[in-house]
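Tertiary structure, described
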Amino acid sequence: MTLLRTFGINNINKLGKFCYNNLPTFRTQLRLYNTQQEVVVSFYDDKATKYAEKSIRPVTLKELMRFVQPSLNNNSTLLESAKYTRSELPVRLARRVKALQILPFIVGTNPYIKSIYKLYYNSFELIRSFPENICDKGIDEKFAEMLKEMVTSHSENIPTLAKGFQECKKYMSPEDIKNFLDDMISARIGIRLIAEQHIALHNNLNDTSYTGIIDTKLQPQKSIQSCSNFVKELCEVHYGSAPNILIDGQIDTIFTYVPVHLEYIITELLKNSCRATVEYSQKVNRTKHPPVIVTISKGKNFIGIRVRDQGGGVPTKDLTSIFDYSYTTVPQDDIIGGLEGQNILANVSKMAMQSGLGGPIAGLGYGLPLARIYANYFGGSIDLVSLHDYGCDVFLRLKQIDKSLEDLE
């Protein structure tokens, strides 16, 4: 936010393009990773087959929280977490390799899809080759560093897949593409959760509310406020104005969750609502934007968050498509501009996505489907109710994790 104010609106597109084109941390680490670890393989190499056939344990928050936050003088938890991570990741990575191998041949040879295959295969080889017996702090620290490089190398997976399937959509049915992407992205979430949980256990030794990447005292109101500030400023830069975002309901709610998952979902929902509100105001010559209202509720088993806007709603003919991949209301010229680095919403969103979890992808139509997958992953849901020519209510339900750990998968 400070950067946006410092550089000013006139220079923000140049800033977005510069950051997108350079991203020195990501590019340097990715080159280092590929130079040191790259393996020349056939697309149909079967080395991963025996690993892919092994069973995996579902990623539950109970499983992740089993590795309680270590003290400064106790490494046993870190070693236990390292062994779990070392045993799970090769199997999960091998399954992604096999999933890519069974795509139609012409799809598998697409440069974007092939690059994703290469990343997963190299990551599989990297983890598989690491010693299984992680028995001391030195080995564990090397393992954690390797995981950081692996996570960084996969930071562009989703936009790369999006480009690949945009080019290959005529070779697969929409249903087959949806099933593949749902499975791929869900698996990616599990892989990143396991890897980043172990990395985080090394980093926040003095934060008593965190267990790795999991916040046991997460306050949705604070997360929503942070996302609101970001989205409002982004909207003001792009459109010149933005609606107010009000938060009401049970704002003192506290629960256990993965903060970056909640932040991604909320950012995507608020971005859609703010954009719709501003564009509908322009369409009907509304002089003042009505606010976007976010309401928080806490039930026995679920946390509820409703995002309500007066952005004109979704046309009836499009209601069945809003959670489809590549569905978007962004004009084609804006999509092209975003992909070429000229659209600030696309630029900042892509940088957010590259930084780890993934930010909203303006114009590619992956934002809402991804948000739904993140919500579903731990037993939640997203539903949308539209009043055409008025607005939308989006209902986000997240499982009350600290009360129902046994039920999560």
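This report concerns the structure included in the present document. Position labels on residues start from 1 in each chain and follow its written sequence. Local features in a predicted model are, by the rule used here, given only for residues with pLDDT of at least 70; side-chain atom pairs are given and counted only at 80 or more, and totals for whole chains, interfaces and linings are based on all residues. Note that water and hydrogens are dropped before the side-chain values are worked out from all heavy atoms of the structure.

A few words on the packing of aromatic side chains. The criterion for an aromatic pair is that two Phe, Tyr or Trp rings (for Trp, the six-membered ring) have centres within 6.5 Å, with stacked assigned to planes under 30 degrees apart, edge-to-face to planes over 60 apart and tilted to the rest. Tallied over the entire structure, the rule returns nine aromatic pairs. For the ring pair Tyr51 and Phe124, a centre distance of 5.2 Å and an interplane angle of 75° mean the geometry is edge-to-face. Of this pair, Tyr51 sits in helix H4 (residues 49-52) while Phe124 sits in helix H8 (residues 111-128), placing them 73 residues apart in sequence. Throughout this description, buried means an accessible area under 20% of the type-specific maximum (1.4 Å probe, protein chains only), exposed means over 50%, and partly exposed covers the range between. For Tyr51, a relative accessible area of 13% puts it in the buried group. Ring geometry for Tyr121 versus Phe124: centroids 6.1 Å apart, planes at 65°, classification edge-to-face. Remark: Phe124 and Tyr121 occur in helix H8; sequence separation between them is three residues, near one turn of the helix. Every helix listed is a DSSP run of H or I at least four residues long, and every strand listed is a run of E at least two residues long, numbered separately from the N terminus.

Below, the discussion takes up helix H9 (residues 137-153). The terminal C-alpha atoms of H9 lie 24 Å apart, and with 17 residues this matches the ideal 24 Å at 1.5 Å per residue to within 8%. Buried within H9 are the following residues: Asp140, Phe143, Ala144, Met146, Leu147, Glu149, Met150, Val151, Thr152 and Ser153. Two or three places before Gly138, at the start of H9, stands the capping residue Asp136, its side-chain oxygen 3.1 Å from that residue's backbone nitrogen. Between the first and last residue of a helix there are one fewer steps than residues, each counted as 1.5 Å, and that sum is the expected span. Within 3.5 Å is the distance limit for a polar contact, defined as a pair of N or O atoms, with the added protein rule that one can donate a hydrogen and the other accept it, and that residues adjacent in sequence qualify only through two side-chain atoms.

Moving on, we get to the sheet that holds strand E1 (residues 210-211). In space, the three strands of this open sheet follow the order E1-E2-E4, with antiparallel pairing throughout. Strand pairing shows two members of the sheet lacking a second neighbour, E1 and strand E4 (255-257), which therefore form its edges. Note: two strands are recorded as paired if DSSP finds a minimum of 2 bridges between them. Here strand E2 (residues 214-218) runs beside E4; their pairing, made up of two bridges, is antiparallel. Bridging across to E4, Leu218 finds its partner in Phe255.

In spatial order, the strands read E3-E5-E6-E8-E7; together these five strands make up an open sheet with mixed pairing. Both edges of this open sheet fall to strand E3 (245-249) and strand E7 (381-387), since each of them pairs with a single strand only. Each neighbouring strand pair of the sheet contributes to a mean axis angle of 15°, computed without reference to strand direction. As paired elements, strand E5 (residues 292-298) and strand E6 (residues 302-309) share six bridges and run antiparallel to each other. Bridging across to E6, Ile293 finds its partner in Arg308. Whether two residues are in contact is decided by their heavy atoms, any of which lying within 4.5 Å being enough. In this analysis an axis means a line fitted to C-alpha atoms, helices contributing only their contacting stretch, and an angle means the value between N-to-C directions, from 0 to 180 degrees. Running at roughly 165° to E3, helix H12 (residues 220-239) makes contact with E3, E5 and E6 of the sheet. With respect to the sheet, helix H13 (residues 259-284) is in contact with E3, E5, E6, E7 and strand E8 (391-399), its orientation differing from that of E6 by roughly 20°.

These figures capture arrangement, not role.
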